[in-house]
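What the coordinates show
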Amino acid sequence: METVIRKYGNSKGVIIPAALLKELDLDVNEKIDVKTENGRIIIEPMRQLEYSLDELLAQCSPETMTLDDDDKAWLNDSPVGKEAL
């Protein structure tokens, strides 16, 4: 699809046609990654991966989930600032 680089204030930009946005399931304000590769501009959607707590905990070793004395003291300590309880 052909498009033109246009001036937007002090910057320049490209309009991404609605058909391409629909094909990629992208909309206004979604994050994209822009890079160059072999003289080309590559624009890729940045998809946020979603994990459940169970999936994340399954990746942890049991040793990393045990609390040492410093961790326990921190968890049981009183607020020192404007923390919301």
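What you see is a predicted model; the values in this text were computed from it and never measured.

**With respect to a negative patch on the surface**
- Residues Asp68, Asp69, Asp70 and Asp71 make up a contiguous surface patch of negative charge.
- Counting through the fold element by element, Asp70 comes out in helix 3 (residues 69-76).

**What about the layout of surface pockets?**
- What the largest pocket holds in volume is close to 550 Å³.
- Along the walls of the largest pocket sit 20 residues, with Val14, Ile15, Ile16, Ile32 and Ile43 positioned nearest its centre.
- Contributions of two or more residues to the lining of the largest pocket are made by helix 1 (18-23), strand 3 (32-37) and strand 4 (40-45).
- Counting residues per element, the lining of the largest pocket draws most heavily on strand 4, which supplies 4 residues.
- Classifying every residue of the lining of the largest pocket gives 16 nonpolar, 1 polar and 3 charged.

**Structural notes on the UniProt feature "domain: SpoVT-AbrB" (unreviewed entry) in the protein chain**
- Taking the numbering used here, the UniProt-annotated feature "domain: SpoVT-AbrB" (unreviewed entry) corresponds to residues 3-48.
- Span residues 3-48 is 13% helix and 43% strand, its end C-alpha atoms 28 Å apart.

**Comments concerning the environment of Ile5**
- Position of Ile5 among the secondary structure elements: in strand 1 (residues 5-8).
- The exposed category is assigned to Ile5, whose relative accessible area is 61%.
- Taking the C-alpha atoms as reference points, Ile5 and Leu56, separated by 51 residues in sequence, lie 43 Å from one another.

Calculation criteria
Residues numbered from 1 in each chain as written. Predicted model: local features only at pLDDT ≥ 70, side-chain atom pairs only at ≥ 80, totals over all residues. Heavy atoms only, no water. Patch = residues over 30% accessible without salt bridge, like charges linked within 9 Å, V, L, I, M, F, W, Y side chains within 5 Å. Areas by Shrake-Rupley, 256 points an atom, 1.4 Å probe, with all protein chains shown as cover. Salt bridge = Lys/Arg side-chain N within 4 Å of Asp/Glu carboxyl O. Lys, Arg positive; Asp, Glu negative; His and termini not counted. Charge placed at Lys NZ, Arg CZ, Asp CG, Glu CD. Helix = DSSP H or I, 4+ residues; strand = E, 2+ residues; numbered from the N terminus. 1 Å grid on protein atoms, 1.4 Å probe; cavity = no way out; pocket = protein on both sides within 12 Å on 5 of 7 lines; lining within 4 Å. Points joined across faces, edges and corners; volume = space filled by probe spheres on them. Nonpolar A, V, L, I, M, F, W, Y, C, P; charged D, E, K, R; others polar. UniProt positions renumbered as here; feature names shortened; annotations may be inferred. Buried < 20%, exposed > 50% of the residue type's maximum accessible area, 1.4 Å probe, protein only.

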